[in-house]
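Here is what each chain is made of, one letter per residue.
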Amino acid sequence: MYETFELLNALALMSNFVFVPALSYGSQLALGALGITLVFGILRFANFAHGDLMAFGTMVVVLVTYWLQAQGIGIDPLPTALLALPIGIVVAVAASLAIDRTVFRFYRRRRAAPVIFVVASVGVMYVLNGVTRFIIGPDDQRFADGARFLINARDFKEMTGLAEGITIKLSQGVTVVVAIAVVAALFWFLQRTRTGKAMRAYSDNEDLALLSGINPDRVVAVTWIIAAVLATIAGTLYGLDKSFKPFTYFQLILPMFAAAIVGGIGQPVGAIVGGYIVAFSEVMVTYAYKKALAYLGPGGWEPEGLMQILSTEYKFAVSFIILVIVLLVRPTGIFRGKVIT
């Protein structure tokens, strides 16, 4: 019986600090990586501005949320940001279409090499980052309200009698539910609608799709709209779960690209799988296992060190290592996506 309780305590501890946070973070990365993989699969270039598009859309959500809170408008116990999210999506979509019309369409009409689009996207990235910082500032912005927890550690301990509790924040629960709904809607759109089928045909063979009468401008516009929607939703969920800081979204481009490439860039299913692989890898490699191993070891035994592979400051280094390994060993990723050239 003692050994069973110790095992359950270790599982509760790991769930609290590894499994639940990684599931939430993985959902956010998966949504972000989906936008990257759709742009690459259809427009054939790596969009480095995607992270800052997330920041821009989330900035609008944060500002609208502040206004709604000042007016006393909310949907307690859910966060007010969910009310502001549609406005953030509309503004991000408008910005995304404007960027394509003023920047990327110029190179697309001249059939520029993919590397030119990549360089242009880096320029867009810095402009978006600068605009976002200018409007909202560089500091942390906490905009989550409503109920804080779905399950808190104290109630869990009282209910189970364990020494370790499990805490599930409302933002984590909202993240997983919204991610499931968005992914289901996206796959339905791509598989069942005429526009979705046209996008898939354009991605598979652009010349054949054009001969079939598919409007390329419409496909491009819908791609940017979906990417902006995914970016804003992912950015808002990340901000609710942690906080909003423009530079953090600038850094998120690395794990999102790692997720897209691990799964197979250009493959939507691969982006989702890759998001969870990267998230669990980052959290598990940077977690200190000392207390969990103490529960699993013989009575009274405890490791001397923290039993931590890497410090949390090196979390994004895990994404970089994963990215390099995949590019060297299997450039097409798990689901055999397109190879970056």
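Look a little higher up for the structure.
This section reports on the structure supplied with the text. Owing to the predicted nature of the structure, the values given are computational and were not obtained by experimental measurement.

Cut-offs and rules
- Residues numbered from 1 in each chain as written.
- Predicted model: local features only at pLDDT ≥ 70, side-chain atom pairs only at ≥ 80, totals over all residues.
- Heavy atoms only, no water.
- Helix = DSSP H or I, 4+ residues; strand = E, 2+ residues; numbered from the N terminus.
- Rg over C-alpha atoms; globule rule 2.2 N^0.38 Å.
- Buried < 20%, exposed > 50% of the residue type's maximum accessible area, 1.4 Å probe, protein only.
- Contact = heavy atoms within 4.5 Å.
- Axes fitted to C-alpha atoms, helices over the stretch in contact; angles between N-to-C directions.
- Parallel < 35°, antiparallel > 145°, perpendicular 65-115°, else oblique.
- Left-handed = near helix turned anticlockwise from the far one by under 90°.
- Nonpolar A, V, L, I, M, F, W, Y, C, P; charged D, E, K, R; others polar.
- Polar contact = N/O pair within 3.5 Å; in protein donor to acceptor, adjacent residues only side chain to side chain.
- Core = buried A, V, L, I, M, F, W, Y, C linked by side-chain atoms within 4.5 Å.

Observations concerning the overall build of the chain
- Helices and strands together make up the secondary structure of the chain, namely 14 helices and 2 strands.
- Computed over the C-alpha atoms, the radius of gyration of the chain is 22 Å, within 12% of the 20 Å expected from 2.2 N^0.38 for a compact globule of 341 residues.
- Across its three principal axes, the chain shows a C-alpha extent of roughly 70 × 55 × 40 Å.
- Counting the 341 residues in the chain, one finds 49% classified as buried.
- If you take every contact in the chain between residues at least 6 apart in sequence, the share linking residues at least 24 apart comes to 75%.

Here we look at the packing of helix H2 (residues 50-70) against helix H9 (residues 216-241)
- Two elements in contact, H2 and H9, have axes whose closest approach is 8 Å; the angle formed by their N-to-C orientations is 65°. The orientation of H2 with respect to H9, classified from their angle, is roughly perpendicular. Taken as a pair, H2 and H9 cross one another with a handedness that is right-handed. Residues His 50, Leu 53, Met 54, Gly 57, Thr 58 and Val 61 of H2 touch H9, and the partners they reach there are Ala 227, Ala 228, Ala 231, Thr 232, Ala 234, Gly 235 and Thr 236.
- The residue inventory of the contact of H2 with H9, partitioned by class, reads 7 nonpolar, 6 polar and no charged.

Thoughts on the packing of H2 against helix H3 (residues 81-109)
- Relative orientation of the contacting elements H2 and H3 amounts to 140°, with a least axis distance of 8 Å. Relative to H3, the element H2 is oriented oblique. As H2 runs across H3, the sense of the crossing is right-handed. Only Ala 81, Leu 83, Ala 84, Leu 85, Ile 87, Gly 88, Val 91, Ala 92, Ala 95 and Ser 96 of H3 make contact with H2, whose side of the interface consists of Leu 53, Phe 56, Gly 57, Val 60, Val 61, Val 64, Thr 65 and Leu 68.
- Taken together, the residues of the contact of H2 with H3 sort by class into 14 nonpolar, 4 polar and no charged.

Here we look at the environment of Ser 96
- Within the fold, Ser 96 resides in helix H3.
- It is 9.9 Å that separates the C-alpha atoms of Ser 96 and Gly 57, two residues lying 39 residues apart in sequence.
- The contacts of Ser 96, once residues within four sequence positions are left out, are Leu 53, Trp 224 and Ala 228.
- At a separation of 3.4 Å, a polar atom in the side chain of Ser 96 contacts the main-chain carbonyl oxygen of Trp 224.

Things to note about unusual backbone geometry
- Each neighbour pair has its own omega, and for Asp 76 with Pro 77 the value is 10°, a cis peptide bond.
- Mapped onto the fold, Pro 77 is located in the loop between H2 and H3.
- With a phi angle near 65°, Arg 44 is a residue other than glycine that sits in the positive phi range.
- The backbone phi angle of Arg 111 is positive, close to 50°, even though this residue is not glycine.
- Mapped onto the elements, Arg 111 comes out in the loop between H3 and helix H4 (114-136).
- Among the residues examined, Arg 111 registers a relative accessible area of 64% and is labelled exposed.

Thoughts on the nonpolar core
- Counting 88 residues, the largest nonpolar core has Leu 31, Leu 34, Phe 104, Leu 230, Phe 244 and Leu 252 as its most contacted members.
- Here this core gets 14 residues from one element, more than from any other, and that element is H9.
- By size, the runner-up hydrophobic cluster in this structure holds 10 residues, among which are Ala 10, Val 18, Ala 22 and Tyr 295.

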